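Coordinate analysis (summary)
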Number of protein chains: 2
Amino acid sequence: MTKINENFLKLPGNYLFAEIARRVSAYSAEHPDKKLIRLGIGDVTRPLVPAITEAMHRAVDEMGRAETFRGYGPEQGYEFLRKCIVEKDYRPLGVELSPDEVFVSDGAKSDCGNIGDIFAADNIVAVCDPVYTVYVDTNVMAGRAGEYVDGRWTKLLYMPCTEDNHFTPMPPMERADLIYLCFPNNPTGATATREQLRIWVQYALKNESVILYDAAYKSYISQEDIPRSIYEIEGAKECAIEFCSFSKTAGFTGTRCAYTVVPKALRRGEAQLNALWNRRQTTKFNGVPYVVQRGAEAAYSEEGKRQLREVIAYYMNNARVIREGLAAAGLTVYGGVNAPYIWAKIPGGGSSWDFFDLLLKEANVVTTPGAGFGPSGEGYIRLTAFGDAMATREAVERIEAFLKK
Amino acid sequence: MTKINENFLKLPGNYLFAEIARRVSAYSAEHPDKKLIRLGIGDVTRPLVPAITEAMHRAVDEMGRAETFRGYGPEQGYEFLRKCIVEKDYRPLGVELSPDEVFVSDGAKSDCGNIGDIFAADNIVAVCDPVYTVYVDTNVMAGRAGEYVDGRWTKLLYMPCTEDNHFTPMPPMERADLIYLCFPNNPTGATATREQLRIWVQYALKNESVILYDAAYKSYISQEDIPRSIYEIEGAKECAIEFCSFSKTAGFTGTRCAYTVVPKALRRGEAQLNALWNRRQTTKFNGVPYVVQRGAEAAYSEEGKRQLREVIAYYMNNARVIREGLAAAGLTVYGGVNAPYIWAKIPGGGSSWDFFDLLLKEANVVTTPGAGFGPSGEGYIRLTAFGDAMATREAVERIEAFLKK
């Protein structure tokens with residue numbers, strides 16, 4: 001009989017956002033008159049900017065004419081886009097990459113998950129706690145997480161991110177082989193300083209570990225001294241893979257384009273990881289739609305950059321409204337300065353699912369309970385800055401009013 | 001130290017189409033005056049039809065307006081497209097599926113590769129020989145293929161497809177757990193009859209195996225009695241997963257959309273494979289671009305269907321020209337009737353790489369050597385019908401002239 005991958009059966013049933021959706025629709029069904037405001041899921045709401053839609057229209061026209069039609073593109077992405085990324089995302093940071101160190105894909109979620117293909121099943125994996133659940137679940141599937149006991153996976157190394165360490169952990173005492181870091185962080189909104197990343201790179205070089213660095217929110221960094229890329233740190237090309245995405249940078253959550261950097265200098269044993277990932281992608285992937293890659297390219301034009309700066313400013317104004325509003329109402333809040341996420345401490349130390357329910361029922365605002373991101377998320381809720389500006393302001397007022405009751 | 005997946009190091013260096021590209025560019029560099037005609041890679045050349053580009057333009061406009069903008073879509077694809085597939089691809093065949101048995105994705109290559117995630121590493125895998133290399137290489141990566149010895153993987157079960165069995169194998173005597181079948185076949189162009197598929201379904205039900213059925217070329221079937229889907233066979237929903245694609249049906253090789261059917265009736269042990277694949281896709285994938293899904297939907301409109309029938313007729317006329325031309329020149333040819341591939345026997349039983357080189361140098365036509373698809377492909381070359389009609393006719397004339405020398 002065909003044997004299934006038994007690791008799948010270990011995964012707990014309810015995905016965080018599915019459980020939120022369930023509670024929200026149950027409440028809505030009982031109270032159809034209530035107007036809910038959703039600051040839960042981290043999904044953008046502003047439309048694609050004109051520079052991008054114009055480029056996509058041009059590309060659709062090209063696809064409709066025999067002379068300019070494109071069939072299979074390079075699995076790794078078109079040179080025009082890989083060059084843009086190298087020249088306009090990395091060169092300004094003082095980071096030199098070659099285009100064939102950049103792999104264009106359909107999403108950072110796909111890449112963060114699929115990257116596991118090139119690693120053995122017996123590596124020790126370290127994750128932040130709280131954490132973006134994809135890092136954990138994909139390692140469960142690959143057999144690297146062990147068993148789920150009391151809300152924790154027995155083989156994972158959890159790195160608590162708490163107020164004490166400003167939500168940015170130091171390397172563990174133990175050896176970890178694969179380390180997932182995400183800065184600016186989802187869900188806490190924390191960032192890592194140059195010095196903190198330097199300590200991580202030194203740890204990874206010493207232990208010959210690989211850092212899987214998720215920089216999907218780098219466009220939201222507003223403070224000058226915060227690194228946008230782990231490659232700003234010396235030695236990182238020998239120990240880090242970096243995941244970036246157009247989802248939050250250019251509003252591409254429904255348009256799907258991302259990229260992953262695997263430097264050629266990154267070797268483990270005899271293997272060059274760039275060659276392994278190239279083999280994985282050419283065998284199991286067929287590239288991103290031409291029309292989408294032309295849209296992504298337009299994000300780097302002068303017009304595109306200007307228009308996208310306005311979109312990010314719009315969201316970051318929401319972040320400020322949430323942060324300042326909740327602080328004025330007496331909550332302790334983190335994030336929202338270099339990230340579109342606000343991580344708010346629940347007053348009186350209540351449970352995050354209880355507080356989620358309270359805000360849903362009393363303020364009609366949907367948030368995300370911190371416990372959904374891991375044990376150390378308990379006692380917090382996450383709010384996102386991706387909503388409509390008016391609705392965000394109203395949500396904050398409703399929460400303030402509820403807290404003052 | 002981080003341990004890599006050692007299986008990657010077992011993969012032979014040169015991917016078939018990379019080796020072809022190398023030989024072609026070496027020849028072109030030496031003979032820059034020669035005009036090559038490429039009938040090698042199976043990539044479409046006709047532009048997207050108007051019904052599709054119009055739908056994509058409308059969708060791009062929607063993405064540019066706040067009121068109609070779409071962020072994350074369902075990982076499994078939008079309901080509008082899943083419904084189209086169920087109602088317009090399957091219902092006319094007498095096959096009833098529910099939309100949540102259909103998973104829209106970025107490509108059949110991705111799905112054929114990623115499907116391995118849900119199966120254990122110790123399943124016995126059977127593949128046709130010759131075969132689309134992705135089935136083999138992805139199983140090598142997953143550790144199911146064993147070692148590469150004398151051009152064969154020690155743990156794979158090869159099913160030779162030869163003139164004797166009309167390139168459609170019977171089930172093996174041994175037990176196989178995962179069986180890759182592709183009809184209409186790439187590379188041989190062979191199809192399976194209803195009776196042949198019935199024997200396969202019975203074998204899979206008896207052995208509790210899973211058939212991975214690649215139907216990417218189903219739109220090219222011209223004979224009425226050839227099944228378009230394995231689900232036309234009773235019992236197939238209990239033992240088969242089917243991969244389909246818009247690549248060859250609607251010219252989407254550069255636009256990227258496909259779908260995979262995992263029936264809910266398909267269970268192994270306690271597990272429902274639909275639930276496993278759903279978990280895999282929701283964890284490691286974020287859906288297909290909205291604009292692309294609207295384009296795929298338009299392939300099912302009356303206008304879209306009519307326009308696409310013309311495109312397929314164009315390619316199938318090329319297939320006829322190749323088939324009849326080579327036969328007239330004395331070659332034994334297969335395929336090209338229900339498939340866009342022609343599988344031609346090399347006169348005098350020469351090596352397929354030698355004959356590839358001969359056609360490249362003497363006729364300036366690029367083909368694909370059969371040996372690149374597996375040991376039983378030796379002695380054949382593959383030609384594709386996806387070229388320009390005039391160029392295809394000229395290529396056939398050149399080959400005829402060369403053979404008559």
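Residues numbered from 1 in each chain as written. Chains lettered and ligands numbered in written order. Predicted model: local features only at pLDDT ≥ 70, side-chain atom pairs only at ≥ 80, totals over all residues. Heavy atoms only, no water.

**What to know about the sheet that holds strand 7 (residues 178–182) of chain B**
Residue and element names in this part refer to chain B. Taken together, the seven strands give an open sheet; going across it, the order is 2-10-9-8-7-3-6, and neighbouring strands pair in mixed fashion. At either margin of the open sheet sits one strand with a lone partner, and together these are strand 2 (102–105) and strand 6 (157–160). Taking each pair of neighbouring strands and ignoring which way they run, the sheet shows an average axis angle of 20 degrees. Strands in contact with helix 3 (residues 79–90) are strand 2, strand 9 (240–245) and strand 10 (258–261); relative to strand 2, the strand with the most contacts, it is inclined by about 115 degrees. (Pairing = 2+ DSSP bridges. Helix = DSSP H or I, 4+ residues; strand = E, 2+ residues; numbered from the N terminus. Axes fitted to C-alpha atoms, helices over the stretch in contact; angles between N-to-C directions. Contact = heavy atoms within 4.5 Å.)

**Side note on the pattern of salt bridges**
Residues and elements named next belong to chain A. Summed over the entire model, instances satisfying the criterion amount to 48 salt bridges over all chains. With a closest N to O distance of 2.7 Å, Arg398 and Glu394 form a salt bridge. Taken together, the positions of Arg398 and Glu394, both in helix 11 (residues 389–404) and four residues apart, correspond to about one turn of that helix. Salt bridges here are not isolated pairs; linked through shared partners, they connect Glu19, Arg22, Arg23 and Asp357. (Salt bridge = Lys/Arg side-chain N within 4 Å of Asp/Glu carboxyl O.)

**A few points about the packing of helix 3 of chain B against helix 8 (residues 290–298) of chain B**
All names here are of chain B. One can describe the packing of helix 3 onto helix 8 by two numbers: an axis separation of 9 Å at closest approach and a directional angle of 25 degrees. In terms of their interaxial angle, helix 3 and helix 8 are classed as roughly parallel. Note that helix 3 runs across helix 8; the crossing there is left-handed. Together, Phe80, Leu81 and Cys84 of helix 3 and Tyr290, Gln293, Arg294, Ala296 and Glu297 of helix 8 make up the contact between the two elements. Grouping the constituent residues of the contact of helix 3 with helix 8 by class yields five nonpolar, one polar and two charged. (Parallel < 35°, antiparallel > 145°, perpendicular 65-115°, else oblique. Left-handed = near helix turned anticlockwise from the far one by under 90°. Nonpolar A, V, L, I, M, F, W, Y, C, P; charged D, E, K, R; others polar.)

**Details of the interface of chain B and chain A**
Where interface size is quoted, it is often the accessible area lost as the parts come together. Facing the 77 residues of chain B at the interface are 77 residues of chain A. Taking both sides of the interface into account, the surface hidden between chain B and chain A amounts to around 6,400 Å²; carbon and sulfur atoms contribute 59%. Seen at the junction of chain B and chain A, the total is six salt bridges. A salt bridge links B:Lys109 to A:Glu75, with the shortest nitrogen-to-oxygen separation between them at 3.1 Å. At the boundary of chain B with chain A, the tally comes to 44 residue pairs in polar contact (both at pLDDT 80 or more). When residues of the side of chain B that touches chain A are traced back to their parent elements, those giving at least two are helix 2 (50–63), helix 4 (108–114), helix 5 (133–141), helix 7 (273–284) and helix 8 of chain B. Its residues placed into classes, the side of chain B that touches chain A shows 31 nonpolar, 25 polar and 21 charged. (Buried area = accessible area lost by both parts, 1.4 Å probe. Polar contact = N/O pair within 3.5 Å; in protein donor to acceptor, adjacent residues only side chain to side chain.)

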